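The residues making up each chain are set out below.
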Amino acid sequence: MRRSNFGKNNQNVLSLSTRSTQMELKRSLPLNDELKEYARDINELGDQLHELFIQVQQIIETGDEGTARELIDANYESIAEQLEMGIKGVEQAAMLDILAQLHMSLSDFKATKNLLEQIKEILAGVGNHEPLVDTILEHMGTMYTALEEPEEALPLYTRSLGIQEAVLGKNSPLLVNLLLRLANTYNAVDEGHKSIQLYHQAITILERRKGSESEDLVLPLTHLSHVLIEEGEVEEAENSLHRALGIMEKLHGENDGRVGAVTCVLARALCAKGKVNDAVDLYKKGLQIMERNGNLSLDDPVLETTRTDLAELLHVLGREEESRLLWEQNLLIKEEALGRDHPSLAVHLQNLATCYALSKKFEKCEYILRRSLRILSASLVPDAQEISFPMLSLATTLYHLERHREAEDLAQEALRIREASFDKQSPLVGEACDCLALIQHALGKDDEAEPLMWRVLQIQEKEFGYDCPEVMSTLEMLMVFLGNLGKKREKSLLRQRLMKLQTKYKD
C-alpha cells in the first residue's frame, strides 16, 4: 500500500490496491510468503486509514468543515473509480467505512447512509474469513444505531459477532463490548428476551475474567435490569441492581456519586414493583449523594434526568409541591448555565407549566408558557413543529381562564403547524383537533367543532382500534355537539356504540 501523489491538491488521497491484484503480481512467491505480504498490506492500510481519520477529525474540530469535506470527497472519488471498474473488496469497504464515519462527524447523515448502502453491497460479496470485515460490520452497526435505525444495525452486529466468536471463541473478553451493543439493539427492536441472553453472556465472561466483584460488571448489570423491568421480570431486575449497588459501595463507599447513580436506577425497579413510596425515598437518597459527593456539575444531564424522573413520579402520586420544586430546580440550574433565553429552557418551562396547570394555577401557567413560546419562536423558523407544543398548551390554559377568543387563535395556528409537520392521521394532529373543538364548543361554534371531533375519533380508531376505551370520551363530546345541532339520528347511533363500550369496560 502507498500514498499516491496526484499533485498537491490530492496529497491526502489514499491509493488502494486490491487483494486480487496483489496476488496476481506475487504468484511467484510461496503461499506463506504471499499471505504474510497480504497481512502486511492490510496492516499498512489500517494505519493509513487511521491516519486519514485522525487528520480529518482534527480539521473538523478546528471548525474548517469545508476543507474536511474536500478531503472526504477527494478520497471518495478515488474509491468511486475503483468501484466503477468492478473492484469491490474489503479494502474499498474499509475506506468507505472511514469516510462514512467522517460524514457522521459532520452530521452529513444522508451521505453517511449512502456510503453504508455501498458498503453493504460490497460486503455481501466478501467472505467472513477476510480481515477487517468484522470491524467494518461493527462500525456500520454503530453508525446505524446513531442514526436511530436499529433494525439495520442488527444483522451487521450479528454477523460481526459470528465472525469474532469463530476466531476468539464464545468466552473471549474481547467480545464484551460487541455483546453489549447487540443486546442494546435487540432491546431497541423489542426483542428483550434475546437482549437478556446476551447481557448474561457478557456478565459471565466478565466474571470469569475479572471476578464477581469487578466494577466492569456494573454497566451490564444495570442495562440488564432495564430490560428485565420492560419484560416484567422486576424481581430479577431488583436482584441485578442490588448486586451492582453492592459492588459500587464496596469499591467506592456509600457516599460516592456513582453509588448514587445506581441507587436511582434501583428506585426505578422499586417503582415498577409497585413500591412507589420506597422508590421516592431511594430517588431522593441517590440524587442527594450525586449532588453532594459526585463529580457531576449541577447541570449535568444525569442529574437533570434523575430530577425529571423523580418529579414525574411525585406528580403521579399527587405530590405536586415536591414535583414543582424539582422542575423549578432544573429550570434555575439551566438558566444559570445557559442564560434565560436559551432554547433548551423551553422543555423545562413546559414541564413547570404542566405542574402549575395540574394545581389549577393557570395565571402562572400562562406566564411560563408565553415565555417558552417566545424563546422557541425566536430560535426556530415560524412553522417549526416544536413551537406547536407550548402554543397548544397556552391555548388550553387560556380556555381554562375563559379567554376563548385568544385560545381559539392559538389552537388554530397550532393545528395548522402540526398538519404541515405531521401525517394528517397523527395523534399529535388529533390532539390539536380535540383542543380546538372544545374551545369552539365553548364559543358556541358546534358546527365547526363537530367535524374536528370526528377527525379525533378517526385518528383514535386508527391508532388504538375501533373498540378502544380511548374513544369513549370522544363519543360523549360528539353526542353533545350532535344534540346541539339537532342531529338526533347520528346521536342515537353514537349512544348505542357508547353503551356497548361502557358495558365492555365497566370493570
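For the structure itself, look to the data block above.
Note that the structure is a prediction, hence the values are computed from the model and not measured.

(A) Representation of the packing of aromatic side chains in the model. Going through the model one piece at a time under the given rule, you end up with 0 aromatic pairs. The cationic tip of Arg 497 hangs over the ring face of Tyr 466; the distance from NZ or CZ to the ring centre is 3.8 Å.

(B) Main features of the nonpolar core. Ranked by internal contacts, the top residues of the largest apolar core, which has 143 residues, are Val 56, Ile 119, Leu 123 and Ile 136. Discounting residues that sit within four places of it in the chain, Val 56 has contacts with Ala 68, Leu 71, Ile 72 and Leu 102.

(C) How the structure looks around the packing of helix α16 (residues 345–358) against helix α17 (residues 362–379). For the pair α16 and α17, the least separation of the axes is 9 Å and the interaxial angle reads 165°. When the axis of α16 is compared with that of α17, the two are roughly antiparallel. Crossing hand, α16 versus α17: left-handed. Every residue of α17 that contacts α16 at Leu 345, Ala 346, Leu 349, Gln 350, Leu 352, Ala 353, Tyr 356 and Ala 357 is listed here: Phe 362, Lys 364, Cys 365, Ile 368, Leu 369, Arg 371, Ser 372, Ile 375 and Leu 376. Among the residues forming the contact of α16 with α17, the class breakdown is 13 nonpolar, 2 polar and 2 charged.

(D) Main features of the environment of Ser 372. Within the secondary structure, Ser 372 sits in helix α17. The exposure class of Ser 372 is buried, given its relative accessible area of 0%. Setting aside residues up to four positions removed in sequence, Ser 372 forms contacts with Ala 346, Leu 349, Gln 350 and Pro 390.

(E) A look at helix α9 (residues 192–210). Taking 1.5 Å of rise per residue, 19 residues should cover 27 Å, and α9 covers 26 Å from first to last C-alpha, within 8% of that figure. Every buried residue of α9 is accounted for by Gly 192, Ser 195, Ile 196, Leu 198, Tyr 199, Ala 202, Ile 203, Ile 205 and Leu 206. Contacts from the buried residues of α9 go to α7 (150–168), α8 (176–188), α10 (218–230) and α11 (234–252). Of the residues trailing α9, Gly 211 is marked for its positive phi of about 95°.

(F) Local environment of the state of the cysteines. Evaluation of the coordinates by the stated rule reveals 0 disulfides. The thiol of Cys 355 is not disulfide-bonded; the next cysteine sulfur, from Cys 365, is found 9.9 Å away. Cys 468 carries a free sulfur, and the closest cysteine sulfur to it, the one in Cys 433, is 16 Å from it.

(G) Representation of the pattern of salt bridges in the model. Applying the stated rule across the entire model yields 35 salt bridges. A salt bridge links Glu 65 to Arg 69; the nearest nitrogen and oxygen atoms lie 3.3 Å apart. Remark: Arg 69 and Glu 65 occur in helix α3 (residues 65–84); sequence separation between them is 4 residues, near one turn of the helix. Put simply, Arg 324 and Glu 328 hold a salt bridge, and the shortest N to O gap is 2.6 Å. Of this pair, Arg 324 and Glu 328 both sit in helix α15 (residues 320–338), 4 residues apart, which is roughly one turn of the helix. Using a relative accessible area of 14% as the deciding quantity, one classes Arg 324 as buried.

(H) Looking closely at the environment of Val 316. On the secondary structure map, Val 316 appears in helix α14 (residues 301–316). Residue classification places Val 316 among the exposed positions, given a relative accessible area of 65%. Sequence spacing of Val 316 and Val 276 is 40 residues, and the spatial spacing of their C-alpha atoms is 9.8 Å.

(I) Representation of α8 within the structure. In this model α8 runs 18 Å from its N-terminal to its C-terminal C-alpha over 13 residues, within 8% of the 18 Å that 1.5 Å per residue would give. In this structure, the buried side of α8 is in contact with α6 (133–146), α7, α9 and α10. Positive phi shows up at Asp 190, right after α8, with a value of about 65°.

Cut-offs used in this document
- Residues numbered from 1 in each chain as written.
- Predicted model: local features only at pLDDT ≥ 70, side-chain atom pairs only at ≥ 80, totals over all residues.
- Heavy atoms only, no water.
- Phe/Tyr/Trp six-rings, centres within 6.5 Å; stacked < 30°, edge-to-face > 60°.
- Lys NZ or Arg CZ within 6 Å of the ring centre and 35° of its normal.
- Core = buried A, V, L, I, M, F, W, Y, C linked by side-chain atoms within 4.5 Å.
- Buried < 20%, exposed > 50% of the residue type's maximum accessible area, 1.4 Å probe, protein only.
- Contact = heavy atoms within 4.5 Å.
- Axes fitted to C-alpha atoms, helices over the stretch in contact; angles between N-to-C directions.
- Helix = DSSP H or I, 4+ residues; strand = E, 2+ residues; numbered from the N terminus.
- Parallel < 35°, antiparallel > 145°, perpendicular 65-115°, else oblique.
- Left-handed = near helix turned anticlockwise from the far one by under 90°.
- Nonpolar A, V, L, I, M, F, W, Y, C, P; charged D, E, K, R; others polar.
- Expected span 1.5 Å × (residues − 1).
- Disulfide = S-S within 2.5 Å.
- Salt bridge = Lys/Arg side-chain N within 4 Å of Asp/Glu carboxyl O.

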